[in-house]
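# Structural overview for review
The residues making up each chain are set out below.
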Amino acid sequence: PDSTEYGFCHWLEEKVNGEMYLQRPGYCQRLRNPVLNFTGYEDLLTNVIELGDPAMFVIDEALSNGDELIYMGTEDLADKTNCEKFTRYIDEIHDAPIFGRTDDGTWLQFDPRLKLEDNTLEKAIPDGGASLRSETSETTLCANVPRSHFNDESCVLSIPGDGSTNECNIRGNLYCGSRGEVANDPTVGNYFDIATGKDTKWDLDKQREQVWTMIALQSNDQLRQRVAHALTQIIVLVKDAIDVRSMTESFLTYYDIFVNHAFGNYRDILEEVSFHPLMGDNLSYRGSKSSAFMRRHYNQLEAFPDENYAREFMQLFTIGVYQLGLDGSIKFDKNGEPRHTYSNDEIMSMARAWTGFQRHGLQRSNVDDLWGNHIDPMNIDPTWRDVFPKNDVLGGYIGDGHPLCEDLPEKMFLKKGAVYRFLG
């Protein structure tokens, strides 16, 4: 009956044939969003724009069966209605939807699209996103990328003419970008979708596979793509071990490590992989703390750092289980047994080298990262870090051969060639 009210178990997927879950007694019924006819119900609609005969063109035909349209005319549609009654920055979950009606009686629903900016190593957003944050009444987060040793040389000093600072400064007036964080074009089809927490987008876990497939099959640099794919079969990321399985950009930034270094140095790959938040979650060393920290702060006398990454790093990513000759053959001891490259003692020692890693607490805009920062490289919390020497697998210590502070020349910081790092 018309008086019956139904609840929904999830936000509606706002498109024809989109998924919706209707609340039933004791369960949720999965249905498909039907085509709606507003004839006779126009008075119930809060936000309506009379579009007239607009220049509308089909985009995203492959994803929407031609139901996704974009206005590409020269006439400003704002002149057709009183836009002051609409919310400029749409929250699709809490704000009433905006509908448009054309002269032929066709009804359309406005679907806001995100506009992303260039925020690359070569072209960082100059004020860290402060102006856009102010323009949107602080709805938009800052976009300033955390400084790290991966983007350090690209950071620029930006000082306003009045000498003031803004809230998007991480430290001082330093603004940094990140590799591959480029602007989008909202007018093209098959667009990259992002869950923002203010829309009804969900179930995007297949999007990264679609993006990867398109690039891997159609890109002109096929050799680079194939080398990158081969490398990912060695340094594996298991998506089911990570909480952000529905995210797209964080997984693609991980994959881009292998694309960028396909013809480079394997050590550079290992370094970027080790600092990537997804690997920190995948092999559980993110948040690993030294035994000294656990004793001091939690009174745990037998707490040891997580050994997962230390083991997999040696076994799968680098030296393997057995010692090998130059021809790749296994070496044997005097008893005819294969010589192992490491023991549990080395695992425990290496685990102490992977302490202190944590995600940046700074959540920012301009990226697809709704649940914390899973894109920018992790930083190291010195209070969590194990500060004692770590054994290597050859009977020495990690760092052997590097000079100690006491071995450096006197007043070396004043000598020619000394490098200083701006801290803000």
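As shown above, the structure is provided for reference.
Residues numbered from 1 in each chain as written. Predicted model: local features only at pLDDT ≥ 70, side-chain atom pairs only at ≥ 80, totals over all residues. Heavy atoms only, no water.

### Quick word on the state of the cysteines
On inspection of all chains with the given rule, the structure shows three disulfides. One disulfide bridge connects Cys9 with Cys28, the sulfur atoms lying 2.0 Å from each other. Linking Cys9 and Cys28, the disulfide has an S-S dihedral of approximately -100 degrees and is accordingly described as left-handed. Here Cys9 is found in the segment before β1 (19-24), whereas its partner Cys28 is found in strand β2 (residues 27-32), with 19 residues between them in sequence. Since its relative accessible area comes to 39%, Cys28 is described here as partly exposed. (Disulfide = S-S within 2.5 Å. Helix = DSSP H or I, 4+ residues; strand = E, 2+ residues; numbered from the N terminus. Buried < 20%, exposed > 50% of the residue type's maximum accessible area, 1.4 Å probe, protein only.)

### Section: the side chain of Thr140
For Thr140, the location among the structural elements is in the loop between α2 (130-135) and β8 (156-157). Overall, the relative accessible area of 19% leaves Thr140 in the buried class. Side chain to side chain, Thr140 and Thr136 meet in a polar contact 3.1 Å long. Ignoring sequence-local partners within four residues, the contact set of Thr140 consists of Leu132, Arg133 and Ser365. (Polar contact = N/O pair within 3.5 Å; in protein donor to acceptor, adjacent residues only side chain to side chain. Contact = heavy atoms within 4.5 Å.)

### Topic: the nonpolar core
One finds Ile235, Val273, Met279 and Tyr309 to be the most contacted residues of the largest nonpolar core, which totals 33 residues. At six residues, the largest contribution of residues to this core is made by helix α5 (residues 249-260). Dropping the residues within four chain positions of it, Tyr309 is found in contact with Leu270, Val273, Ser274, Met279, Leu283, Tyr285, Phe317 and Trp354. Within the second largest apolar cluster, five residues are counted, among which are Phe38, Val48, Phe99 and Trp107. (Core = buried A, V, L, I, M, F, W, Y, C linked by side-chain atoms within 4.5 Å.)

### A short note on the pairing of β2
In the sheet, β1 pairs with β2 via six bridges, with the strands oriented antiparallel. What sits directly across from Tyr21, in β2, is Arg30. The turn linking β1 back onto β2 is made up of two residues, and Gly26 within it adopts a positive phi angle of 85 degrees. (Pairing = 2+ DSSP bridges.)

### Points about the packing of helix α9 (residues 308-317) against helix α10 (residues 344-353)
It is the contact of α9 with α10, at a shortest axis distance of 8 Å, that shows an interaxial angle of 115 degrees. Crossing handedness for the pair α9 and α10: right-handed. Across the interface between the two elements, Ala310, Arg311 and Met314 from α9 touch Glu346, Ile347, Met350 and Ala351 from α10. Class assignment of the residues belonging to the contact of α9 with α10 gives a composition of five nonpolar, no polar and two charged. (Axes fitted to C-alpha atoms, helices over the stretch in contact; angles between N-to-C directions. Left-handed = near helix turned anticlockwise from the far one by under 90°. Nonpolar A, V, L, I, M, F, W, Y, C, P; charged D, E, K, R; others polar.)

### Thoughts on the packing of aromatic side chains
On inspection of all chains with the given rule, the structure shows 17 aromatic pairs. Seen in terms of ring centroids, Phe38 and Phe99 are 4.9 Å apart; in terms of plane orientation they differ by 70 degrees. Their pairing is edge-to-face. Of the two residues, Phe38 is situated in the loop between β2 and β3 (47-52) and Phe99 in strand β6 (residues 98-102); the sequence distance between them amounts to 61 residues. The pair Phe38 / Phe99 is uniform in exposure class, with both members buried. Feature note: the residues Phe150, Phe275, Tyr285, Tyr309, Phe313, Phe317, Trp354 and Phe357 constitute an aromatic cluster, connected by ring pairs. Lying over the aromatic face of Phe251, Arg208 brings its terminal NZ or CZ to 4.0 Å of the ring centre. One cation-aromatic arrangement involves Lys289 over Trp384; the distance from NZ or CZ to the ring centre is 4.1 Å. (Phe/Tyr/Trp six-rings, centres within 6.5 Å; stacked < 30°, edge-to-face > 60°. Lys NZ or Arg CZ within 6 Å of the ring centre and 35° of its normal.)

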